[in-house]
Amino acid sequence: MPAKDELAQRRYEKLVDRLEGLMRASLKSRYQGYHGQLILSSGDLDEMGELKDVRRAAREAGRRLGWQPKTHIVEARLFVYDDREVPREISELAARDAADAVDAALRRGTDGIH
């Protein structure tokens, strides 16, 4: 294997490792590995290299975590998420957490308004 190919492979593996770490950090232990997601800004993407390589590395990193990774580009951001079917109890827990977060935000927004 030529040295250039070996260097490219090492860069790719480092990128996969980096993305896997970011994805792992985004997980909430209470969701048992489900509801994983990562959003990379245009600045993140510029720093990481070619978009096609970042998407491929993100999918590989997701598979390492047991995800069914999907990627989408929206307004210069890369969204990476786990598309597995979520067990009912985890889905219900996440829905309660989301409702609690909305309630808390609404309460903060109405403080001082009478």
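It should be noted that the structure appears before, not after, this text.
Criteria and cut-off values
Residues numbered from 1 in each chain as written. Predicted model: local features only at pLDDT ≥ 70, side-chain atom pairs only at ≥ 80, totals over all residues. Heavy atoms only, no water. Pairing = 2+ DSSP bridges. Helix = DSSP H or I, 4+ residues; strand = E, 2+ residues; numbered from the N terminus. Axes fitted to C-alpha atoms, helices over the stretch in contact; angles between N-to-C directions. Contact = heavy atoms within 4.5 Å. Core = buried A, V, L, I, M, F, W, Y, C linked by side-chain atoms within 4.5 Å. Buried < 20%, exposed > 50% of the residue type's maximum accessible area, 1.4 Å probe, protein only. Phe/Tyr/Trp six-rings, centres within 6.5 Å; stacked < 30°, edge-to-face > 60°. Lys NZ or Arg CZ within 6 Å of the ring centre and 35° of its normal. Expected span 1.5 Å × (residues − 1). Polar contact = N/O pair within 3.5 Å; in protein donor to acceptor, adjacent residues only side chain to side chain.

Novice: Kindly report on the sheet that holds strand 2 (residues 69-74), identifying the contributing residues and their values.
Specialist: Across the sheet, three strands lie side by side as 1-3-2; this open sheet has antiparallel pairing. The open sheet terminates on both sides in strands that have one partner only, identified here as strand 1 (37-40) and strand 2. Along the sheet, successive strands turn relative to each other by an average axial angle of 15°, direction set aside. Two strands pair when backbone bridges link them, and strand 1 and strand 3 (residues 77-82) are joined in this way by four bridges, in the antiparallel orientation. Paired with Leu-40 across the two strands is Leu-78, which belongs to strand 3. Against the sheet, helix 1 (residues 3-26) makes contact with strand 1 and strand 3, and its axis sits at roughly 125° relative to strand 1, the strand it touches most.

Novice: Which residues make up the nonpolar core, and what values go with them?
Specialist: In this structure, Leu-19, Met-23, Leu-40, Val-54 and Val-80 are the most contacted members of the largest nonpolar core, which totals 17 residues. The element contributing the most residues to this core is helix 1, with five residues. When neighbours within four sequence positions are excluded, Leu-19 is seen to be in contact with Leu-38, Leu-40, Met-48, Val-54, Ala-57, Ala-58 and Ala-61. Counting residues in each nonpolar core, the second largest holds five residues, with Tyr-34, Ile-90, Leu-93 and Ala-94 among its members.

Novice: Hey, could you go over unusual backbone geometry for me, with residue numbers and the actual values?
Specialist: Even without being a glycine, Gln-32 presents a positive backbone phi close to 50°. Along the chain, Gln-32 falls in the loop between helix 1 and strand 1.

Novice: Which residues make up the packing of aromatic side chains, and what values go with them?
Specialist: Evaluation of the coordinates by the stated rule reveals zero aromatic pairs. Between the NZ or CZ atom of Arg-56 and the centre of the ring of Tyr-12, over which it lies, the distance is 4.0 Å. Here the guanidinium or amino end of Arg-84 rests over the ring plane of Tyr-34, the centre of that ring lying 4.1 Å away.

Novice: Any chance you could break down the environment of Arg-84 for me, citing the residues and the numbers?
Specialist: As for its position among the elements, Arg-84 is in the loop between strand 3 and helix 4 (88-110). The spacing of Arg-84 and Arg-11 is 73 residues in sequence and 28 Å in space, taken between C-alpha atoms. Not counting residues up to four positions away in its chain, the partners in contact with Arg-84 are Gly-33, Tyr-34, Gly-66, Trp-67 and Gln-68.

Novice: How would you sum up helix 1? Please name residues and give values.
Specialist: End to end, helix 1 covers 35 Å across 24 residues, agreeing with the expected 34 Å (1.5 Å per residue, within 8%). Of the surrounding elements, those touching the buried residues of helix 1 are strand 1, helix 2 (42-48), helix 3 (51-64) and strand 3.

Novice: Quick rundown of the side chain of Asp-82? Include the residues and the values.
Specialist: Here Asp-82 shows up in strand 3. The exposure class assigned to Asp-82 is buried, which follows from its relative accessible area of 10%. At 2.7 Å, the side chain of Asp-82 forms a polar contact with the side chain of Arg-84. Beyond its immediate stretch of four places on either side in the chain, Asp-82 contacts Gly-33, Tyr-34, Gly-36, Trp-67 and Gln-68.

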